[in-house]
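# Architecture at a glance
Listed below are the residues making up each chain.
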Amino acid sequence: MNKTLAAFTILSLLLILFAVNRGFDISDEGLYALLALPEQENIAGIFNYDLFFKLFYKLTGIQFGIVGLRLLRLFLYLLAALSLTYFWKTFTQSDRLSFKHYLLALLGLFAGYGFLPQSLSYNSLSVVIACFWLTLISSANKSTLQYLLIGLLLACMAYTKITACLGLGMITILWMINFKQFKVTYILGLIAPLAIIELIMYLTLGDFALSRIVEARQMMGHRAEYSFLLLLKYSIVGFFWLASVSIPFFIAGKFQTSAPKLKYTTLFIALILLGCIAYFTAITQEWNHLVLLLTVAVLAYFAPRLPFASMSSHQRFLLATLLLLPFLLHLGSNVYWLRLGIHYWVFWVFASLYVGSLIHSRLAKQMSVAVGILTLTMVANGIWIHPFQQEPLWMATQKWSYGNGKSIKLTKKQINLLTAIEPFAQGQGQLLAFYRIPGIPYLLDKTSPKSPGFWTKSQTEYFLNSEYQVEVLLFYPLDSLPSFVKSDFSKNYVQLPDGEELQILWRK
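The paragraphs below set out a description of the structure included in this document.

What counts, and at which threshold
- Residues numbered from 1 in each chain as written.
- Predicted model: local features only at pLDDT ≥ 70, side-chain atom pairs only at ≥ 80, totals over all residues.
- Heavy atoms only, no water.
- Helix = DSSP H or I, 4+ residues; strand = E, 2+ residues; numbered from the N terminus.
- Rg over C-alpha atoms; globule rule 2.2 N^0.38 Å.
- Buried < 20%, exposed > 50% of the residue type's maximum accessible area, 1.4 Å probe, protein only.
- Areas by Shrake-Rupley, 256 points an atom, 1.4 Å probe, with all protein chains shown as cover.
- Pairing = 2+ DSSP bridges.
- Axes fitted to C-alpha atoms, helices over the stretch in contact; angles between N-to-C directions.
- Polar contact = N/O pair within 3.5 Å; in protein donor to acceptor, adjacent residues only side chain to side chain.
- Expected span 1.5 Å × (residues − 1).
- Contact = heavy atoms within 4.5 Å.
- Phe/Tyr/Trp six-rings, centres within 6.5 Å; stacked < 30°, edge-to-face > 60°.
- Lys NZ or Arg CZ within 6 Å of the ring centre and 35° of its normal.
- Parallel < 35°, antiparallel > 145°, perpendicular 65-115°, else oblique.
- Left-handed = near helix turned anticlockwise from the far one by under 90°.
- Nonpolar A, V, L, I, M, F, W, Y, C, P; charged D, E, K, R; others polar.

## Description of the overall build of the protein
Along the backbone of the protein there are 20 helices and six strands. For 508 residues, the compact-globule estimate of 2.2 N^0.38 gives 23 Å, and the protein sits close to it at 24 Å. Each principal axis of the C-alpha distribution contributes one length, and for the protein these read about 80 × 50 × 40 Å. Residues classed as buried in the protein amount to 54% of the 508 residues present. Accessible surface computed for the protein: about 22000 Å², of which carbon and sulfur atoms make up 65%.

Right, here's the structure in full:
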């Protein structure tokens with residue numbers, strides 16, 4: 001079994017490594033890249049982990065390019081998988097660490113490459129932090145030092161994704177109450193790291209997350225896609241479809257022993273419903289949502305056979321936490337759960353393996369092989385065949401130099417785009433680019449004014465009022481022009497790789 005899983009892991013790893021210097025998504029990945037740029041402004045930042053990159057640069061003089069961010073993500077996944085291996089040891093009360101479960105953890109994490117770009121992002125960072133948090137929270141009798149470490153992880157999550165921090169914080173408090181560890185010293189241990197990090201950021205950079213979050217509350221009013229009701233809808237819709245899949249499979253599982261004849265009929269109906277739901281929820285060319293639907297179907301089908309009575313309260317709590325984590329980490333995302341959920345699949349993988357191991361060892365082995373096959377397929381598709389908002393990655397063969405000696409291989413269409421824009425951007429320290437195209441300024445060695453990315457007209461006008469003066473700007477017409485763009489601009493058109501037109505505006 002270990003050899004089979006190792007083969008899937010190595011093949012997935014090779015697909016990732018051979019892709020680190022190829023391709024670039026000018027939308028989301030452009031945002032990730034600018035957030036890692038030390039000189040990039042991030043006023044009213046929603047995601048504030050850029051302060052760690054700024055602090056690291058100030059201490060070491062090292063900044064991460066595209067390849068560096070991709071390798072950093074991979075390195076953090078390797079560490080997170082090791083952390084999950086320790087979690088499995090605690091969760092199952094094993095005597096030693098399991099190499100098999102290290103490989104499964106790694107495969108579960110690698111599935112995240114199936115959706116969104118390769119570079120380190122707030123989504124991949126939040127999963128890594130959650131893995132370390134899960135390992136610490138699983139310890140039955142925690143010391144003050146462990147609560148300090150949990151507090152450190154919660155602080156890192158606050159800089160990465162504040163809503164996910166609140167979710168993990170809530171589970172931490174529930175753990176303390178449920179297992180009677182609610183002590184003043186432990187509470188201080190949870191709070192102190194954030195206060196210390198904020199002080200360090202303020203003293204070294206003159207900036208800190210709390211001040212940004214306060215300002216971001218006002219800015220968020222200008223981004224309709226981040227309204228509370230809409231964000232809630234993204235999560236509720238995902239939960240609804242998952243429930244629609246799980247209920248018939250749960251019923252079929254109940255009939256496994258009580259009514260074997262009905263079991264097959266119900267299972268057939270459940271499979272038909274699964275296929276229909278998978279079809280109707282496929283909103284793009286991605287099919288990763290099918291993996292999530294299949295996983296919840298498996299969990300629901302075997303749930304009635306789970307020997308809850310033989311599980312300790314500690315194990316029941318951890319199993320519930322594994323099931324809840326994908327929803328908690330998704331909170332605050334403006335992407336539908338069924339699209340983004342593959343980043344959190346690793347937690348359901350471990351929940352499924354645990355359920356399978358309690359029912360039959362052969363079932364756990366079959367699940368393990370399925371994880372390997374699915375992950376390898378998703379990595380190949382998500383990175384090479386259908387990379388996020390790009391042409392197939394084997395078409396990225398032409399070298400583009402940026403930064404101080406850094407380079408990346410891009411497609412011919414991407415090179416043509418950058419070459420057409422470059423003369424207009426010369427002499428500009430910053431380049432205003434909207435909407436959803438922050439990667440273009442990044443590749444042209446420019447920063448974006450005020451914010452690393454502009455997604456809507458209202459957000460742009462929040463940062464840049466009608467008196468704002470700019471000589472050159474890039475306009476991708478996903479929304480109308482902001483009010484500060486007057487009629488005194490000349491206009492040129494250049495084609496984006498997807499065939500849409502980008503406008504280059506410069507002052508006459």
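## Quick look at the sheet that holds strand S5 (residues 489-495)
As a general point, the strands of a sheet are linked pairwise by backbone hydrogen bonds and lie either parallel or antiparallel. Strand order across the open sheet formed by four strands is S3-S4-S6-S5, with mixed pairing between neighbours. Because the sheet does not close on itself, it has two edges, and the strands there are strand S3 (432-434) and S5. This sheet shows a mean twist of 20° between the axes of neighbouring strands, independent of strand direction. Pairing analysis gives four bridges linking strand S4 (residues 472-475) to strand S6 (residues 501-507), with the strands arranged antiparallel.

## Overview of the side chain of Ser235
Following the sequence through the fold, Ser235 ends up in helix H11 (residues 228-258). Ser235 gets classed as buried once you look at its relative accessible area, which sits at 12%. There is a polar contact of 2.9 Å between the side chain of Ser235 and the side chain of His330.

## A closer look at helix H13 (residues 288-302)
Look at H13: 22 Å from first C-alpha to last across 15 residues, which is about the 21 Å you get at 1.5 Å a residue. Along H13, twelve of the 15 residues are buried, which leaves the element largely enclosed by surrounding structure. Taken together, the buried positions of H13 are occupied by Asn288, His289, Val291, Leu292, Leu293, Thr295, Val296, Ala297, Leu299, Ala300, Tyr301 and Phe302.

## Section: unusual backbone geometry
In the segment running from Phe434 into Tyr435, the intervening peptide bond is cis, with an omega of 5°. Within the secondary structure, Tyr435 is located in the loop between S3 and helix H19 (439-443). Positive phi values are uncommon outside glycine, yet Leu116 reaches one of about 80°. In this fold, Leu116 is placed in the loop between helix H5 (99-110) and helix H6 (122-137). The exposure class assigned to Leu116 is buried, which follows from its relative accessible area of 9%.

## Details of the side chain of Thr375
Note on placement: Thr375 falls in helix H17 (residues 361-385). Thr375 gets classed as buried once you look at its relative accessible area, which sits at 0%. Discounting chain neighbours no more than four positions away, the residues touching Thr375 are Ser12, Leu107, Gly108, Phe110, Ala111 and Trp345.

## Here's the deal with the packing of aromatic side chains
A full pass over the atoms with the stated rule returns 35 aromatic pairs. For the pair Tyr202 and Phe208, a centre-to-centre distance of 5.7 Å together with 85° between the ring planes defines the contact as edge-to-face. Ring plane angle 80° and centroid distance 6.0 Å describe the contact between Phe454 and Phe463, whose orientation is recorded as edge-to-face. Comparing Phe454 with Phe463 shows no difference in burial state: the two are buried. An aromatic cluster of at least three residues, connected via ring pairs, comprises Phe87, Trp88, Phe91, Phe350 and Tyr354. In this structure, Arg73 is placed above the aromatic ring of Tyr113, and the distance from its NZ or CZ to the ring centre is 4.1 Å.

## Structural notes on the packing of helix H4 (residues 66-92) against H5
Where H4 meets H5, the axes come as close as 8 Å, and the angle between the chain directions of the two elements is 135°. Relative to H5, the element H4 is oriented oblique. Between H4 and H5 lies a crossing of right-handed hand. Packed against H4, whose contacting residues are Leu74, Tyr77, Leu78, Ala80, Ala81, Leu82, Leu84, Thr85 and Trp88, the element H5 presents His101, Tyr102, Ala105, Leu106, Leu109 and Phe110 at the interface. Its residues assigned to classes, the contact of H4 with H5 shows 13 nonpolar, two polar and no charged.

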